[in-house]
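# Coordinates in review
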Amino acid sequence: MTTGLTAPQLVWYAAGTPAPRWPLEPAAGLCATCGAEVTAGVSHELINSETFSQQGDFFQYGSHVCAACAWFYSDAKQRHRSLIAAGSWLAWPLISHEAAAADPERPSWLAALQHLAGLPPTTPTTGVLTTDPKPRLWPRMRLGTAATPAIYVHALDYDVSRVVRVDLVQLLAVITPITEALNRGFSKRTVWRGLLTDYRRCLAIGRAALDLERTLAPWRPRPEFVPALLIAGRTEETHERSHPGPADRQSQSARAARRRAPETGARQLQLD
Ligand SMILES: [Zn+2]
């Protein structure tokens, strides 16, 4: 069903081919936004007149957009959110684990990517992971697979706004040391810049902080690092309220590790 679909079309099919808010009319050529071949579409003049400013570059291939892109244009508030589609599965994930736990319809990004890991590796995927729902990012989506998703990552705090192709296994792997750093009280920004930039905390934790920094350092240049950092969360805030399970055990071990931390002592911190 997905062969030959553009990224917006993959999402639209997964959403159940909902109707756009404007009528389709016969058209020939390519979708002005995604480049799909069309036999019917929505004139970009209809869309342009109502909602557009400075977005002419998204109308580059022709005079009409396909039904999928028209559906995306139909509701900026809903369609500018983070999303991930894989085959016929679609989710609008939340970065905050706490918000996802309170929303039965929207999984956390971490849960969504864990779901992806259970799909056949060649399943076509696309997605947008954004910290800001304002910009229209979906026309920049590209296709990937479940094993190597192509995700448009927009996180200006971390200097990223581009399609990032990630190895899903690697991305889920780096979640573990990132989560450990968060559980030890480091901020995401510190995890991004380097744990030693929070020198006081490193002193308080001792040797384990240096070991953790050594684990994290080789990951920072990798494409998986920023998306993993965005979607990771402290296991306490995620799971203590409602979801006992493996992560809760992690949380307990993290608490145990923190209780042990003072014994290792600041005097053992060596910057060799
Ligand atoms: Zn299109």
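Position labels on residues start from 1 in each chain and follow its written sequence. Only residues with pLDDT of 70 or above have their local features reported here, since the model is predicted, and side-chain atom pairs are shown and tallied only from 80 upward, although totals for entire chains, interfaces and linings are computed over all residues.

## Looking at the overall build of the protein
Secondary structure counts use DSSP, requiring at least four H or I residues in a row for a helix and at least two E residues in a row for a strand, with both numbered from the N terminus. Looking only at helices and strands, the protein features 13 helices and nine strands. The exposure label follows from counting other C-beta atoms within 10 Å of a residue's C-beta, where the C-beta atoms are placed from the backbone and the thresholds are 20 or more for buried and 12 or fewer for exposed, leaving partly exposed in between. The burial tally for the protein puts 39% of its 272 residues in the buried class.

## Digging into the environment of Thr6
Among the secondary structure elements, Thr6 is positioned in the segment before helix H1 (7-14). Judged by C-beta crowding, with 23 C-beta atoms within 10 Å, Thr6 ranks as buried.

## Considering helix H3 (residues 67-74)
Of all the eight residues making up H3, seven are buried; the element is thus mostly covered by neighbouring parts of the structure. Here H3 has its buried residues at Ala67, Ala68, Cys69, Ala70, Trp71, Phe72 and Tyr73.

## Looking at unusual backbone geometry
Look at Thr17: it is not a glycine, yet its phi comes out positive at around 50°. Note that Thr17 resides in the loop between H1 and strand E1 (25-30).

## Quick notes on the pairing of strand E6 (residues 124-130)
The side chains of a regular strand alternate between both faces of the sheet. Extensive coverage of E6 is indicated by the burial of seven of its seven residues. Burial along E6 is two-sided: Pro124, Thr126, Val128 and Thr130 and Thr125, Gly127 and Leu129, pointing in opposite directions, are all buried. A strand pair is defined by DSSP finding two or more bridges across the two strands. Looking at chain direction, strand E4 (residues 83-86) and E6 are connected through four bridges and run antiparallel. The partner of Leu83 across the bridge, within E6, is Val128. Sheet topology note: the E6/strand E7 (residues 144-145) ladder contains two bridges and is antiparallel. In the strand pairing of E7, Thr125 is matched with Gly144.

## Some points on the confidence of the model for the protein
Of the residues in the protein, 82% have a pLDDT of 70 or more, and the chain-wide mean is 86. By definition, pLDDT measures how confident the predictor is in each residue, and it falls between 0 and 100. Contacts are defined on C-beta atoms placed from the backbone: any two residues whose C-beta positions lie within 7 Å are in contact. Long-range and interchain partners of residues 237-272, a stretch whose pLDDT sits below 50, account for 39 contacts in this model, where long-range means more than four residues apart.

## Remarks on helix H10 (residues 207-216)
Within H10, burial applies to Ala209, Leu212 and Leu216. All buried residues of H10 project into a common sector of 65° when viewed along the axis, lining one side. By arc we mean the arc of the directions from the helix axis to the C-beta atoms, nothing more.

## Details of the environment of Thr122
Looking at the secondary structure, you find Thr122 in the loop between helix H6 (109-117) and E6. When the C-alpha atoms of Thr122 and Gly87 are compared, they prove to be 9.5 Å apart, with 35 residues separating the residues in sequence.

## A look at the sheet that holds strand E3 (residues 64-65)
Two strands in a sheet stick together by hydrogen bonds in their backbones, pointing the same way (parallel) or opposite ways (antiparallel). Reading across the sheet, the three strands line up as E1-E2-E3 and stay open at both edges, with antiparallel pairing between neighbours. This sheet does not close on itself; its edge strands, each paired only once, are E1 and E3. Bridge analysis of E1 against strand E2 (residues 37-43) gives four bridges, and the strand direction is antiparallel. Within the sheet, the bridge partner assigned to Leu30 lies in E2 and is Glu37.

## Some remarks on the nonpolar core
Counting 70 residues, the largest nonpolar core has Cys31, Val65, Cys66, Cys69, Val191 and Leu229 as its most contacted members. Top element by residues in this core is H3. It accounts for seven residues. Sequence-distant contacts of Leu229, that is, excluding residues within four places in its chain, are made with Ile178, Lys188, Val191 and Trp192. For the purposes of this analysis, a nonpolar core is taken to be any set of buried Ala, Val, Leu, Ile, Met, Phe, Trp, Tyr and Cys residues that are connected through C-beta atoms within 7 Å.

## Re the pairing of strand E9 (residues 160-165)
For strand E8 (residues 150-155) and E9, the ladder comprises six bridges, and the chain directions are antiparallel. Bridge pairing in E9 links Ile151 to Val164. Taking the residues between adjacent antiparallel strands as the criterion, E8 and E9 are bridged by four residues, where Asp159 takes a positive phi near 60°.

## Brief notes about the packing of helix H7 (residues 168-183) against H10
Two elements in contact, H7 and H10, have axes separated by 10 Å at closest approach and are oriented at 145°. The way H7 lies across H10 gives a crossing that is left-handed. Across from Pro177, Glu180 and Ala181 in H7, the residues of H10 making contact are Leu212, Thr215 and Leu216. Here the term charged refers only to Asp, Glu, Lys and Arg, the term nonpolar to Ala, Val, Leu, Ile, Met, Phe, Trp, Tyr, Cys and Pro, and the term polar to all other amino acids, Gly among them. In the contact of H7 with H10, the residues fall into four nonpolar, one polar and one charged. Only the stretch in contact is used when a helix axis is fitted, and all axes are lines through C-alpha atoms; the angle between N-to-C directions ranges over 0 to 180 degrees. Crossings are sorted by hand: turned counterclockwise from the far helix by less than a right angle, the near helix makes the crossing left-handed, and turned clockwise it makes it right-handed.

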